[in-house]
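Spelled out, the chains give:
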Amino acid sequence: MISKQALIKTVSPYIVVYLVLLMVVLGLLYEYPKPELHMMLNTHHTSIQDTFFRYYTQLAEWPLYVLALIPLLYKKKMMTLYYALSEGTAAIVITILKHLFHADRPIVVFENYPDIALPLVEGVRMHHSNSFPSGHTSTFFVFATCCVIILAYRYLREAKQHEPKSRLMFYTSILALLALAALGGYSRIYLSQHFLSDVCVGSIIGIIAPFVVFFLLQNKLVK
């Protein structure tokens, strides 16, 4: 059985880079008021970006769930179960927080700033309530983190882990997953569905839930 310490050490680049990003985000949240920060992050729109983020954000609505079913084709049901439990745990936390805070979405908040034109993307249905935290962002990070943990576990079990080429491929893969998750979080800001604070907390939940589920059920998940 691979120890928790070995697993955490293996995924440490993923965790460290995320924590660096988190520190930058927390610094921005401390320095700037919410509306001003939103406009700073969401001022420059292009038609290409509008199209890209409009569809990229939808990956968290059902395509990622379909991808999570792929292990079933290879009789790896525990991988799919792991994702389902992680996503379910994060979803429960997200739902509780949403109903506790009842935070307004950007489109509602900016009604108090009539002199500021909130950038919107044509064809995107805007939400008005339950902004905090971001469920889409949580889903992106849950999926990425589950993939990272599964890749790390398999990497530690293989003798090839000491080969430079295998090591480079592994670390490139886990950092790419982090970048894709972060891009999913930013898509929520770009589309003015969430503020940076919503995305920040959504990502934290999406990072923590898979680790908690894995360490609680490790013996059953990796049989």
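Procedures and definitions
Position numbers for residues count from 1 along each chain, tracking the sequence in the order it is written. With pLDDT at 70 or above as the cut-off, local features in this predicted model cover only qualifying residues; side-chain atom pairs require 80 or more to be listed or tallied, and sums for whole chains, interfaces and linings still use all residues. Only hydrogens and water are set aside; all other atoms, that is, all heavy atoms of the structure, feed into the side-chain values. Only DSSP runs of H or I with at least four residues qualify as helices, and only runs of E with at least two residues qualify as strands; both kinds are numbered from the N terminus onward. Think of it in three bands: with a 1.4 Å probe and only protein chains considered, a residue is buried below 20% of the maximum accessible area for its type, exposed above 50%, and partly exposed in between. In this tally, Lys and Arg are treated as positive and Asp and Glu as negative; His is ignored, and so are the chain termini. What makes a salt bridge here is a side-chain nitrogen of Lys or Arg within 4 Å of a carboxyl oxygen of Asp or Glu, nothing more. Distance and chemistry together define a polar contact, namely a pair of N or O atoms within 3.5 Å, with one atom able to donate a hydrogen and the other to accept it when in protein, and with adjacent residues in sequence counting only for side-chain atoms on both sides. What makes a patch is a set of residues exposed beyond 30% relative accessible area and free of salt bridges, joined within 9 Å when like-charged and within 5 Å when nonpolar (Val, Leu, Ile, Met, Phe, Trp, Tyr). In these tables, accessible area is a Shrake-Rupley quantity obtained with a 1.4 Å probe, and a residue counts as shielded only by the protein chains included in the view. Helix axes are fitted only over the stretch in contact, all axes being lines through C-alpha atoms; the angle between N-to-C directions runs from 0 to 180 degrees. Each angle gets one of four labels, with under 35 degrees taken as roughly parallel, over 145 as roughly antiparallel, 65 to 115 as roughly perpendicular, and the rest as oblique. Left-handed is the label given to a crossing in which the near helix is rotated counterclockwise from the far helix by less than a right angle, and right-handed is the label when the rotation is clockwise. We call two residues in contact whenever any of their non-hydrogen atoms come within 4.5 Å of each other. How sure the predictor is of each residue is captured by pLDDT, a score from 0 to 100. Here the expected span of a helix is defined as 1.5 Å times the quantity of residues minus one. What the arc measures is the spread of directions leading from the helix axis to the C-beta atoms.

**Here we look at the side chain of arginine 105**
Turning to step 1, where the next piece is worked out: Along the chain, arginine 105 falls in the loop between helix H6 (77-101) and helix H7 (106-109).
Turning to step 2, where the next piece is worked out: As a buried residue without a salt bridge, arginine 105 has its nearest oppositely charged side chain in aspartate 198, at a separation of 6.6 Å.
Turning to step 3, where the next piece is worked out: Looking at arginine 105, its side chain comes within polar contact range of the main-chain oxygen of serine 129, at 2.8 Å.
Turning to step 4, where the next piece is worked out: At 3.4 Å, the side chain of arginine 105 and the backbone oxygen of asparagine 130 are in polar contact.

**Some details on a nonpolar patch on the surface**
Turning to step 1, where the next piece is worked out: A cluster of nonpolar side chains, contributed by Leu81, Leu85, Ile208, Val212, Leu216 and Leu217, occupies part of the molecular surface with about 490 Å² of accessible area.
Turning to step 2, where the next piece is worked out: Mapped onto the nonpolar patch, the elements with two or more residues apiece are H6 and helix H10 (196-221).
Turning to step 3, where the next piece is worked out: Sorting elements by how many residues they give to the nonpolar patch places H10 first, with four residues.

**Focus on the packing of helix H4 (residues 47-56) against helix H9 (residues 164-190)**
Turning to step 1, where the next piece is worked out: At a minimum axis distance of 9 Å, the contact between H4 and H9 shows a crossing angle of 110°. Overall, the two elements H4 and H9 adopt an arrangement that is roughly perpendicular. At the point where H4 passes H9, the crossing takes the left-handed sense. Contacts from Gln49, Asp50, Phe52, Phe53 and Tyr56 in H4 reach Leu180, Leu183, Gly184, Tyr186, Ser187 and Tyr190 in H9.

**A closer look at the confidence of the model for the protein**
Turning to step 1, where the next piece is worked out: Considering every residue of the protein, the mean pLDDT works out to 94; 97% of them sit at 70 or more.
Turning to step 2, where the next piece is worked out: Per-element confidence in the protein ranges from a low mean pLDDT of 89 for helix H1 (residues 4-10) to a high of 98 for helix H2 (residues 12-31).

**Regarding H2**
Turning to step 1, where the next piece is worked out: A rise of 1.5 Å per residue sets the reference length of H2, with its 20 residues, at 28 Å; its end C-alpha atoms lie 28 Å apart and thus fit the reference within 8%.
Turning to step 2, where the next piece is worked out: Listed in full, the buried residues belonging to H2 are Tyr14, Tyr18, Leu22 and Val25. The arc enclosing the buried residues of H2, seen along the axis, measures out at 65°, which places them on a common side. Along H2, exposed side chains directed more than 90 degrees from the buried face belong to Met23, Tyr30 and Glu31.
Turning to step 3, where the next piece is worked out: Looking at the buried side of H2, the elements it contacts are helix H8 (135-157), H9 and H10.

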